[in-house]
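# Commentary on secondary and tertiary structure
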Amino acid sequence: MNKFILLLLPVVIFAANFNDILKGVDENLLVKSKEKKSEALEELYLSSKGKNYPSIDISINAIKLRDTPSATFALVPGMPPSQIEIGVRDNYSYQIGFTYPIFTGFAITNTIKKAKLEVIKSKLETKNLKRELYLKAASLYSAIYSINQAIKATKVALKAIDLSYNKAKGLYENGLLNQSGVYNIEAKRYDTVAKIKELEAKKDRLNNALFQISGKKVASDFKLPEIKNIQSRESIIQKALSNREDIKAIKEELHISQSDIDLANSLYYPKVALVGALKREGKNLRFNGDGHTNPDKSYIGINFSWNIFDGFSKKHKKEAAIKKKEALVLYLKNYENVVKNEINDLFIDLKSLKYRLIAAKKSEQAKEEYLKLTKSRFENSLASADELTRAIADLASAKAKAESIRADIFRVEYRLVLELGIKS
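Described below are features of the structure shown in this document. (Residues numbered from 1 in each chain as written. Predicted model: local features only at pLDDT ≥ 70, side-chain atom pairs only at ≥ 80, totals over all residues. Heavy atoms only, no water.)

### What to know about unusual backbone geometry
What is expected of a backbone is that most residues other than glycine have negative phi and most peptide bonds are trans. Backbone geometry places F106, a non-glycine residue, at a positive phi of 70°. Assignment of secondary structure puts F106 in the loop between β5 (90-103) and α4 (107-173). Residue F106 is classed as partly exposed on the basis of its relative accessible area of 48%. Although it is not a glycine, F312 adopts a positive phi angle of roughly 65°. Inspection of the secondary structure assignment puts F312 in the loop between β8 (299-305) and α8 (313-379). (Helix = DSSP H or I, 4+ residues; strand = E, 2+ residues; numbered from the N terminus. Buried < 20%, exposed > 50% of the residue type's maximum accessible area, 1.4 Å probe, protein only.)

### Overview of the packing of helix α6 (residues 233-243) against α8
Between α6 and α8, whose axes approach to 10 Å, the crossing angle comes to 150°. Regarding the angle of α6 to α8, the classification is roughly antiparallel. Note that α6 runs across α8; the crossing there is right-handed. Residues R233, I236, I237, A240 and L241 of α6 touch α8, and the partners they reach there are E336, V339, K340, I343, N344 and F347. Considered class by class, the residues forming the contact of α6 with α8 number seven nonpolar, one polar and three charged. (Axes fitted to C-alpha atoms, helices over the stretch in contact; angles between N-to-C directions. Parallel < 35°, antiparallel > 145°, perpendicular 65-115°, else oblique. Left-handed = near helix turned anticlockwise from the far one by under 90°. Contact = heavy atoms within 4.5 Å. Nonpolar A, V, L, I, M, F, W, Y, C, P; charged D, E, K, R; others polar.)

### With respect to the packing of aromatic side chains
In total, this model carries 13 aromatic pairs according to the counting rule given. Aromatic pair Y94 and F287: ring centres 4.9 Å apart, planes at 80°, arrangement edge-to-face. Residue Y94 is found in strand β5, and its partner F287 is found in the loop between β7 (271-282) and β8; the two are separated by 193 residues along the sequence. Relative accessible area serves as the criterion here: at 28%, Y94 is assigned to the partly exposed category. The class of F287 is buried, set by a relative accessible area of 11%. Above the face of the F211 ring, K217 is positioned so that its terminal group lies 5.8 Å from the ring centre. The cationic tip of K314 hangs over the ring face of Y268; the distance from NZ or CZ to the ring centre is 5.7 Å. (Phe/Tyr/Trp six-rings, centres within 6.5 Å; stacked < 30°, edge-to-face > 60°. Lys NZ or Arg CZ within 6 Å of the ring centre and 35° of its normal.)

### As for the packing of helix α7 (residues 245-266) against α8
In contact at an axis separation of 8 Å, α7 and α8 are set at 165° when each is read in the N-to-C sense. With respect to each other, α7 and α8 are oriented roughly antiparallel. In this structure, α7 crosses over α8, and the sense of that crossing is left-handed.

### Remarks on the nonpolar core
F18, Y141, F410 and Y414 are the most contacted members of the largest nonpolar core, which totals 53 residues. Residue assignment for this core shows that the elements contributing at least two residues are α2 (18-26), α4, α5 (179-214), α8 and α9 (385-418). The element best represented in this core is α4, accounting for 21 residues. With residues near it in sequence (within four places) discarded, F18 still touches A137, A138, Y141, P225, F410 and Y414. The next biggest cluster of nonpolar side chains, apart from the first, holds 23 residues, and it includes A240, L346, I409 and L416. (Core = buried A, V, L, I, M, F, W, Y, C linked by side-chain atoms within 4.5 Å.)

### Concerning the sheet that holds strand β2 (residues 55-64)
The strand order β2-β5-β7-β8 describes an open sheet built from four strands, whose pairing is antiparallel. Either end of the sheet is taken by a strand with one partner, and the two such strands are β2 and β8. The sheet shows a mean angle of 25° between the axes of neighbouring strands, taken without regard to direction. When β5 meets β7, the two strands line up antiparallel, connected through eleven bridges. Counterpart to I96 in the pairing with β7 is L278. (Pairing = 2+ DSSP bridges.)

### Notes on the environment of I308
If you trace the backbone, I308 turns up in the loop between β8 and α8. Take I308: its relative accessible area is 72%, and that puts it in the exposed class. The sequence separation of I308 and L395 amounts to 87 residues, and the corresponding C-alpha distance is 85 Å.

### Focus on a positive patch on the surface
Taken together, K127, K248, K251 and K423 make up a surface patch of like positive charges. Looking at the secondary structure, you find K127 in helix α4. Residue K127 is classed as partly exposed on the basis of its relative accessible area, which comes to 39%. (Patch = residues over 30% accessible without salt bridge, like charges linked within 9 Å, V, L, I, M, F, W, Y side chains within 5 Å. Areas by Shrake-Rupley, 256 points an atom, 1.4 Å probe, with all protein chains shown as cover. Salt bridge = Lys/Arg side-chain N within 4 Å of Asp/Glu carboxyl O. Lys, Arg positive; Asp, Glu negative; His and termini not counted. Charge placed at Lys NZ, Arg CZ, Asp CG, Glu CD.)

### As for the pairing of β7
For a regular strand, the rule is simple: side chains alternate between the two faces of the sheet. Where β7 and β8 come together, seven bridges link them in antiparallel fashion. By the bridge assignment for β8, K271 is matched with S305.

### Here's the deal with the environment of S220
Secondary-structure assignment places S220 in the loop between β6 (217-218) and α6. The exposed category is assigned to S220, whose relative accessible area is 55%. For the pair S220 and Q149, spaced 71 residues apart in the sequence, the C-alpha separation amounts to 9.4 Å. Ignoring sequence-local partners within four residues, the contact set of S220 consists of N148 and K203.

Here you go:
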């Protein structure tokens, strides 16, 4: 029975490392949705290529006229005119017709080109979505690491408080410490336990957010991946502007805008198409004629059309396409400037964090030495319980702060890596 109940419980997959998280992101439902959209656009692209081929249609018509077709002729002068049947009431016909575009002002070529560019753009957007989710996963991963270290440091502090509490009780029982000192340590212990619970709750929330985008959670203890050989600022900026999927997607949008201009230009050209059909008619389904006209109505010909005036519709459509491209050019320039500033800010943050880490390590060493001194003084009744608990808490806080800075460094370095594009 217990085994059956366990089978019903939801399965939570814990990631062994950060790479497992990234693999989980690849299976994200939003990513899958974008991939399906790309597949749909691929089919539309293949559909547009079909316009280069002849269009062949089969049709069968059956028509019953209200009256039999007739014509009036005055055969003999001075005599009443005569009505003569020139058709039948029942008319049947079949046709196998074809239309082959000979020249469309490059409209078909540009339509196919635009459809292909839409596919490329969609695939780039999918990759950029992955890149953004990787960044979000890295941010959550580093935040959880930071909390794990804070929990670990706080638990060490709790253990130290417990030892101090036992020592304080011994001093109290021997009349070497007043009762308020013992109560102060007890209060600090409850406060520390509450802080652990608060950190664990925060970690659960972050883990839930990570699970939503990757389908995985992280365990209570793991190491941050080491990121080596961060490229120079100039190299990252140059490669980001060339390789990042979001910038490439905007450039593809520019190409699509040019296709729209080319399509607008195609409206100024004449359209030429070869048309023809195998066609037969008759008064029944044998299609052998109606006794009045020949049954074979097959034909071949050329259709030529050229719009001379449309109320300046073509002109405004072309102008709209040009303005759209000009707007995208300006948007791309601004976007590239934003990316440059983003990279510059990341290098500024990284430099600051590294200095902060050095300071945090020094602070941690100082707090550790101070705790040793305070413990020794407390055991010799030269320091109060308050001083001891504060020293313990300060050391735990210093350790947690150092690890939090390491987590921030990982997040910034990983972001710099992904500035080069998802392939990095």
